Amino acid sequence: MEITEILRFVGALAFIIGLIAVCAFAAKRLGLATGGLTSMGGRKRLGVSEVKVIDAKHRLVLIRRDNKEHLILLGGDRDLLIESGIDAPVVEEQPADANAAPVLQFPAPAAQFQKLFEFIKERRA
């Protein structure tokens, strides 16, 4: 095997890998990689708001659907819905400073997290 054949093989391999990367990037941008089909208005109704790792097997996932959020405990033997129908946080408009981060108002977060921690302690005991 000559050096030119090896270089041609390496060049073709690099070209194919480059094409795969371009197709993957295009699919991600178009929303094809994550199931980017949306409802009629083009607005996505479902999303993952936050994921918190509890231990090696358990995760807390906050899923947003329309204007409601649902808290789910994943892992272990089975998945468990901890709380359903939580009102999604409302973003307040701040016309004074356009560069400031939006302020989120959560409905009674202390009571919700207290229930969650008590539930997790019960499950571990």
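Before reading further, recall that the structure is shown in the block above.
Below you will find a few notes about this structure. Note that the structure is predicted; figures quoted are calculated from it, not measured.

### Here's the deal with the overall build of the protein
Working step 1: Secondary structure summary: the protein contains two helices and six strands in total.
Working step 2: Listing the helices and strands of the protein from first to last along the sequence gives α-β-β-β-β-β-β-α.
Working step 3: Long-range pairs, those at least 24 residues apart, make up 14% of the contacts in the protein with a sequence separation of at least 6.
Working step 4: Per element, the accessible surface of the protein, about 10400 Å² overall, is 62% carbon and sulfur.

### With respect to the nonpolar core
Working step 1: Grouped together as the largest cluster of nonpolar side chains are eight residues: Leu60, Leu62, Leu71, Leu73, Leu80, Ile86, Leu116 and Ile120.
Working step 2: When contributions to this core are tallied by element, the ones reaching two or more residues are strand E2 (59-65), strand E3 (68-74), strand E4 (80-87) and helix H2 (109-124).
Working step 3: In contact with Leu71, other than residues within four places in its own chain, are Leu60, Val61, Leu62, Leu80, Leu81, Ile82, Glu83, Ile86 and Leu116.

### A look at the sheet that holds E2
Working step 1: Taken in spatial order, the four strands line up as E1-E2-E3-E4 in an open sheet, and their pairing is antiparallel. Of all the strands in the sheet, the pair left with one neighbour each is strand E1 (46-53) and E4. Geometrically, the sheet is characterised by an average inter-axis angle of 20° between neighbouring strands, direction not taken into account.
Working step 2: In terms of strand pairing, E1 meets E2 through seven bridges, oriented antiparallel. Bridge assignment links Val48 to a residue of E2, and that residue is Ile63.

### Notes on the environment of Gly76
Working step 1: Position of Gly76 among the secondary structure elements: in the loop between E3 and E4.
Working step 2: Distance in space between the C-alpha atoms of Gly76 and His58 is 6.4 Å, their sequence separation being 18 residues.

### Digging into the pairing of E3
Working step 1: Burial within E3 is extensive, with five of its seven residues counted as buried.
Working step 2: The pairing of E2 with E3 spans seven bridges and is antiparallel. Bridged to Arg59 within E3 is Leu74.
Working step 3: Where E2 hands over to E3, the hairpin turn is made up of two residues, of which Asp66 adopts a positive phi near 55°.
Working step 4: Two strands pair when backbone bridges link them, and E3 and E4 are joined in this way by five bridges, in the antiparallel orientation.

### Description of the environment of His70
Working step 1: Locating His70 in the fold gives a position in strand E3.
Working step 2: The residues contacting His70, other than those within four sequence positions of it, are Val61, Leu62, Ile63, Arg65, Leu81, Glu83, Ser84 and Gly85.
Working step 3: Here the side chain of His70 touches Ser84 through a polar contact of 2.9 Å, side chain to side chain.

### A closer look at the side chain of Glu69
Working step 1: Note that Glu69 resides in strand E3.
Working step 2: Despite its burial, Glu69 remains without a salt bridge, the nearest opposite charge being carried by Arg64 at 5.8 Å.
Working step 3: Beyond its immediate stretch of four places on either side in the chain, Glu69 contacts Ser49, Leu62, Ile63, Arg64, Ser84, Gly85, Ile86, Ala88 and Pro89.

Calculation rules
- Residue positions within a chain follow its written sequence, with the count starting from 1.
- Whole-chain, interface and lining totals are the exception, using all residues; otherwise, since this is a predicted model, local features are given only for residues with pLDDT of at least 70 and side-chain atom pairs are given and counted only at 80 or more.
- Values shown for side chains rest on all heavy atoms present in the structure; no hydrogens or waters enter the calculation.
- Runs of H or I in DSSP of at least four residues are treated as helices and runs of E of at least two as strands, each being numbered from the N terminus.
- Whether two residues touch is decided by their heavy atoms; if any such pair falls within 4.5 Å, the residues are in contact.
- Accessibility throughout is a Shrake-Rupley quantity obtained with a 1.4 Å probe, and a residue counts as covered only by protein chains that appear here.
- Here, the term nonpolar core denotes a set of buried Ala, Val, Leu, Ile, Met, Phe, Trp, Tyr and Cys residues that are joined through side-chain atoms within 4.5 Å.
- Accessibility here uses a 1.4 Å probe with only protein chains present; expressed as a share of the type maximum, an area under 20% marks a residue as buried, one over 50% as exposed, and anything in between as partly exposed.
- At least two bridges found by DSSP between two strands are what make those strands a pair.
- Where helices are involved, their axes are fitted lines through C-alpha atoms of the stretch in contact, as for all axes, and angles between N-to-C directions lie from 0 to 180°.
- The term polar contact refers here to a pair of N or O atoms within 3.5 Å; inside protein, the definition further demands a hydrogen-donor-capable atom paired with an acceptor-capable atom, and it admits residues adjacent in sequence only when both atoms are side-chain atoms.
- Charge counting treats Lys and Arg as positive and Asp and Glu as negative, with His and both chain ends excluded.
- Salt-bridge detection follows one rule: a side-chain nitrogen of Lys or Arg within 4 Å of a carboxyl oxygen of Asp or Glu.

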